[in-house]
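Working through the structure, step by step
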Amino acid sequence: MSANRIAVMASGKGSNLKAILQAAERGECPVNVQLVISDKADAPALKVAKDAGVADVLFLNPKEYPDRAAFDAACAEAIEQAGCQWIVLAGYMRILSGEFIARFRNCIINIHPALLPSFPGAHAVRDALAYGAKITGVTVHLVDEVVDGGPILAQFSVPVQSDDTEESLHNRIHAAEHQLYPEILKRMIEGKFSIEDRRAVWKET
Ligand code: GRF
């Protein structure tokens, strides 16, 4: 198992995956994206991965498995076979089973388009806008059994503008994500944090 081999799980567009691949290509993020898994056959993220020459690009169909745990076990097998130490969720829209989370405890990282614990869930940008928040942002966090509730690694604020639509706000949040995710991955891979209670404590560099 190599310390910088990562598996990315993505269900959608794959712009965060692309940002990570490009940062790695520029030498700014010391990761080797060895495996990309999607649960959606038509996810553009699969094309992003193939175009970038990712070694293993895999679509696994949840409908072919009896339950969530069985599907996640198949993903886990692929991740272990590929020798990946970190699992990076980038727009992965399935809730992970407890077994999967326990198997990769503190090695699964997610990016969420809001300042958690505000606006968890699948419609964070819409929810922040509807609530009338003036500042929202991006959270990078470890994944535990509480959906969008694991220890926070980093956050980045994004002001809401009075004429924002969900799309315009999500575009600015995406831009922040593309900067933050590779940076945090780099720091993680370099082993620069520990978890104390539920707080991520970064070591000085
Ligand atoms: C991002 O906004 C991320 O925060 C959320 O899903 C979106 C994925 O976008 N979890 P993309 O597929 O990386 O473009």
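Overview of the structure. (Residues numbered from 1 in each chain as written. Predicted model: local features only at pLDDT ≥ 70, side-chain atom pairs only at ≥ 80, totals over all residues. Heavy atoms only, no water.)

**Observations concerning the sheet that holds strand β2 (residues 32-38)**
Taken in spatial order, the seven strands of this open sheet run β3-β2-β1-β4-β5-β6-β7, and their pairing is mixed. Either end of the sheet is taken by a strand with one partner, and the two such strands are β3 (56-59) and β7 (152-159). Recorded for the sheet is a direction-independent mean angle of 20 degrees between the axes of neighbouring strands. As paired strands, strand β1 (residues 5-9) and strand β4 (residues 86-89) are joined by four bridges and run parallel to one another. Counted as the bridge partner of A7 is I87 from β4. The strands touched by helix α3 (residues 68-81) within the sheet are β1, β2, β3 and β4, with β2 carrying the most contacts at an inclination of about 165 degrees. (Pairing = 2+ DSSP bridges. Helix = DSSP H or I, 4+ residues; strand = E, 2+ residues; numbered from the N terminus. Axes fitted to C-alpha atoms, helices over the stretch in contact; angles between N-to-C directions. Contact = heavy atoms within 4.5 Å.)

**Some words on the layout of surface pockets**
Roughly 840 Å³ of internal volume is contained in the largest pocket. Taken together, 39 residues make up the lining of the largest pocket; nearest its centre are G91, Y92, M93, N110 and I111. The set of elements that each furnish at least two residues to the lining of the largest pocket consists of α1 (15-25), α4 (98-103), β5 (108-112), α5 (124-131) and α6 (166-189). Among the elements that line the lining of the largest pocket, the one with the most residues is α6, at four residues. Its residues assigned to classes, the lining of the largest pocket comprises 16 nonpolar, 15 polar and eight charged. (1 Å grid on protein atoms, 1.4 Å probe; cavity = no way out; pocket = protein on both sides within 12 Å on 5 of 7 lines; lining within 4 Å. Points joined across faces, edges and corners; volume = space filled by probe spheres on them. Nonpolar A, V, L, I, M, F, W, Y, C, P; charged D, E, K, R; others polar.)

**Considering the site of the ligand**
Residues in close proximity to the ligand include G12, K13, G14, S15, N16, G91, I111, H112, P113, H170, H174 and E177, which together make up its full environment. One of the backbone N or O atoms of K13 is found 3.3 Å from an oxygen atom in the ligand. The contact in question runs from an oxygen atom of the ligand to an N or O atom on the side chain of E177, over 2.3 Å. The protein chains hide 89% of the 370 Å² of surface that the ligand would expose on its own. Comparing atom positions with the cavity grids shows the ligand to sit within the largest pocket. Contributions of two or more residues to the shell around the ligand are made by α1, β5 and α6. Counting residues per element, the shell around the ligand draws most heavily on α6, at three residues. Here the shell around the ligand gathers at least three residues from each of two domains, domain 1 (1-104) and domain 2 (111-205). (Near = heavy atom within 4 Å. Polar contact = N/O pair within 3.5 Å; in protein donor to acceptor, adjacent residues only side chain to side chain. Areas by Shrake-Rupley, 256 points an atom, 1.4 Å probe, with all protein chains shown as cover. Sits in = over half its atoms within 2 Å of the grid points. Domains from an automatic or database assignment.)

The quantities given are spatial measurements derived from coordinates; they are silent on function.
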